[in-house]
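Residues per chain, in single letters:
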Amino acid sequence: MNSTDTRPVLVTGATGRVGRLVVDQLLDAGVPVRALTRHPAAAATLPAKAEIFTGDLTEPESLDPALRGAGAVFLVWTAPPRTAPAVIERLAAQVRRVVLLSSPHRTPHPFFRQPNPMAELHAGIERLIAATGLETTVIRPGMLASNSLAWWAPTIRAGKAVRWPYGAAETAPVDDRDVAAVSARTLYQRDHAGGDYVLTGTESLTQAAQVGVIGDALGHRIAFEEMTPDEFRSLSEGAAPSEVIDMLLTAWSAAVGQPAYVTSAVADILGTAPRTFRQWAADHASAFEPGS
Ligand SMILES: NC(=O)c1ccc[n+]([C@@H]2O[C@H](COP(=O)([O-])OP(=O)(O)OC[C@H]3O[C@@H](n4cnc5c(N)ncnc54)[C@H](OP(=O)(O)O)[C@@H]3O)[C@@H](O)[C@H]2O)c1
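What you see is a predicted model; the values in this text were computed from it and never measured.

## Focus: the nonpolar core
Okay, so step 1: With 34 residues, the main nonpolar core has Val11, Leu26, Phe74 and Leu199 as its most contacted residues.
Okay, so step 2: Going through the elements one at a time, strand E1 (9–11), helix H1 (17–28), strand E2 (33–37), strand E4 (72–76), strand E5 (97–101), helix H6 (176–188), strand E9 (196–199) and helix H10 (265–270) are the ones with two or more residues in this core.
Okay, so step 3: Other than its neighbours up to four places away in sequence, Leu26 contacts Val9, Val11, Val31, Val33, Ala184, Leu187 and Tyr188.
Okay, so step 4: Counting residues in each nonpolar core, the second largest holds 31 residues, with Phe111, Ala153, Val213 and Ile245 among its members.

## Describing the side chain of His105
Okay, so step 1: Topologically, His105 is positioned in the loop between E5 and helix H4 (117–130).
Okay, so step 2: A polar side-chain atom of His105 sits 2.9 Å from a polar atom in the side chain of Glu126.
Okay, so step 3: For His105, the contacting residues outside a window of four places in its chain are Phe112, Arg113, Ala119, His122, Ala123, Glu126 and Arg140.

## What about the sheet that holds strand E3 (residues 51–54)?
Two pairing modes exist for strands in a sheet, parallel and antiparallel, and in both the strands are linked by backbone hydrogen bonds.
Okay, so step 1: In space, the seven strands of this open sheet follow the order E3-E2-E1-E4-E5-E6-E9, with parallel pairing throughout. Both outer strands of the open sheet, E3 and E9, are each paired with one neighbouring strand and no more. Neighbour-to-neighbour, the strand axes of this sheet turn through a mean angle of 20 degrees, independent of strand direction.
Okay, so step 2: As paired elements, E5 and strand E6 (residues 135–141) share five bridges and run parallel to each other. Directly across from Leu100, in E6, lies its bridge partner Val138.
Okay, so step 3: Across the sheet, H4 lies against E4, E5 and E6, angled at about 170 degrees from E5, the strand it touches most.

## Side note on the packing of aromatic side chains
Okay, so step 1: Applying the stated criterion across every chain, the model contains 11 aromatic pairs.
Okay, so step 2: Judged by centre distance (5.1 Å) and plane angle (75 degrees), the ring pair of Phe111 and Phe112 falls under edge-to-face. The burial state of Phe111 is the same as that of Phe112; both residues are buried.
Okay, so step 3: Ring pairs connect the aromatic residues Trp151, Trp152, Trp164, Phe232 and Trp252, which therefore count as one cluster.

## Observations regarding the pattern of salt bridges
Okay, so step 1: The full count for this structure, using the stated rule, is 17 salt bridges.
Okay, so step 2: For the salt bridge of Arg20 with Asp24, the shortest nitrogen-to-oxygen distance reads 2.7 Å. Taken together, the residues Arg20 and Asp24, both in helix H1 and four residues apart, mark about one turn of the helix.
Okay, so step 3: Among the residues examined, Arg20 registers a relative accessible area of 22% and is labelled partly exposed.
Okay, so step 4: According to the relative accessible area criterion, Asp24 is partly exposed, its value standing at 29%.
Okay, so step 5: A salt bridge links Arg163 to Glu225; its shortest N-O distance comes to 3.4 Å. Here the residue Arg163 occupies a position in strand E7 (residues 162–164), and Glu225 occupies one in strand E11 (residues 224–226), the gap between them amounting to 62 residues.
Okay, so step 6: Each member of the salt-bridge network shares a partner with another, and the members are Arg106, Glu126, Arg140 and Asp196.

## Considering the site of the ligand
Okay, so step 1: Every one of the 25 residues lining the ligand counts as a neighbour, but Thr15, Val18, Thr37, Arg38 and Leu57 are closest to it.
Okay, so step 2: A distance of 2.6 Å separates an oxygen atom of the ligand from a polar atom in the side chain of Thr37.
Okay, so step 3: For the ligand, an oxygen atom lies 3.4 Å from a polar atom in the side chain of Thr78.
Okay, so step 4: When contributions to the shell around the ligand are tallied by element, the ones reaching two or more residues are H1 and H4.
Okay, so step 5: Here the residues of the shell around the ligand are counted per class, giving 11 nonpolar, 11 polar and three charged.

## Quick notes on the domain arrangement of the protein
Okay, so step 1: When cut into domains, the protein gives domain 1 (9–144 + 175–199) and domain 2 (147–170 + 202–260 + 277–288).
Okay, so step 2: Contacts between domain 1 and domain 2 engage 12 residues on the former and 18 residues on the latter.
Okay, so step 3: For the domain 1 and domain 2 pair, buried surface summed over both sides reaches about 1,200 Å², with 61% attributable to carbon and sulfur atoms.
Okay, so step 4: At the junction of domain 1 with domain 2, the criterion picks out one salt bridge.
Okay, so step 5: The residue Asp283 makes a salt bridge to Arg177 at a minimum N-O spacing of 2.9 Å.
Okay, so step 6: At the boundary of domain 1 with domain 2, the tally comes to four residue pairs in polar contact (both at pLDDT 80 or more).
Okay, so step 7: Of the residues assigned to the side of domain 1 that touches domain 2, the class counts are six nonpolar, three polar and three charged.

Reading the values: the criteria
Residues numbered from 1 in each chain as written. Predicted model: local features only at pLDDT ≥ 70, side-chain atom pairs only at ≥ 80, totals over all residues. Heavy atoms only, no water. Core = buried A, V, L, I, M, F, W, Y, C linked by side-chain atoms within 4.5 Å. Buried < 20%, exposed > 50% of the residue type's maximum accessible area, 1.4 Å probe, protein only. Helix = DSSP H or I, 4+ residues; strand = E, 2+ residues; numbered from the N terminus. Contact = heavy atoms within 4.5 Å. Polar contact = N/O pair within 3.5 Å; in protein donor to acceptor, adjacent residues only side chain to side chain. Pairing = 2+ DSSP bridges. Axes fitted to C-alpha atoms, helices over the stretch in contact; angles between N-to-C directions. Phe/Tyr/Trp six-rings, centres within 6.5 Å; stacked < 30°, edge-to-face > 60°. Salt bridge = Lys/Arg side-chain N within 4 Å of Asp/Glu carboxyl O. Near = heavy atom within 4 Å. Nonpolar A, V, L, I, M, F, W, Y, C, P; charged D, E, K, R; others polar. Domains from an automatic or database assignment. Buried area = accessible area lost by both parts, 1.4 Å probe.

Structure, rendered in structure tokens:
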């Protein structure tokens, strides 16, 4: 049975890739939204219909105004873990439902089973939430399709070959819009309480093939050249934390030579097929064009 809760939903990470889309999806469904950001100026990037709250997950008491009177929380945690117990305690005292943006660290596929600090962070937050009486849904996207924007768009815009490690590693990128649509649905439909969903795209594609799909969307071939993991590590210095680089390299290394893990969760929950990576690339082609 579908039952809905019409109290506002507090979206944390509301200015981020997934949270921002969740805000739109909830508003489209007629659900009142509270959007959390640490920076009041970010309000300009959020829809006027969302109520903006300033708060910081590392300062648990700063969340109280946003939590008071809310029915559910979309929880995105990219902050250090130290304040997670105090934040979860506050959530449990104020709201009934939480939908956590986590990762597929329990999924029995080598790509997801390499130990890393992000998996530990997510597992720790899941344990804290499980110890409360909150109605909980855990959303576990695999590789987000939008990662390609950060990874490959600058090189492609510059008209250069994409040089990248583990070109043969296979993933099934999931469209951020599908992740947001599932998250929103589970926030306002209470029959998803207890749900634990691994979200992937439809198709296992090597990283080199993904670059090829972006080239198809642009109407020209993009050359792909293999880079060694050591070169990737040294070129990434200063641009990303070393533990993130190690996490990616070990996951890609483990994913070579076997198909990516693919689930039907997006279709099962939304009743429509997930967007393909080809569709994602077509819809975002302009971001890979020179001068974008
Ligand atoms: N990339 C992937 O392929 C992938 C796959 C599976 C899971 N995930 C998970 O997805 C999550 C990231 O989601 P995303 O990519 O949508 O986020 P994102 O674009 O990196 O944005 C981070 C968001 O977190 C907010 N934030 C950061 N520190 C905060 C703090 N101390 N207090 C309150 N808010 C804070 C930021 O808000 P303000 O700056 O406005 O305050 C921003 O909205 C991570 O948990 C990641 O592990 C990612």
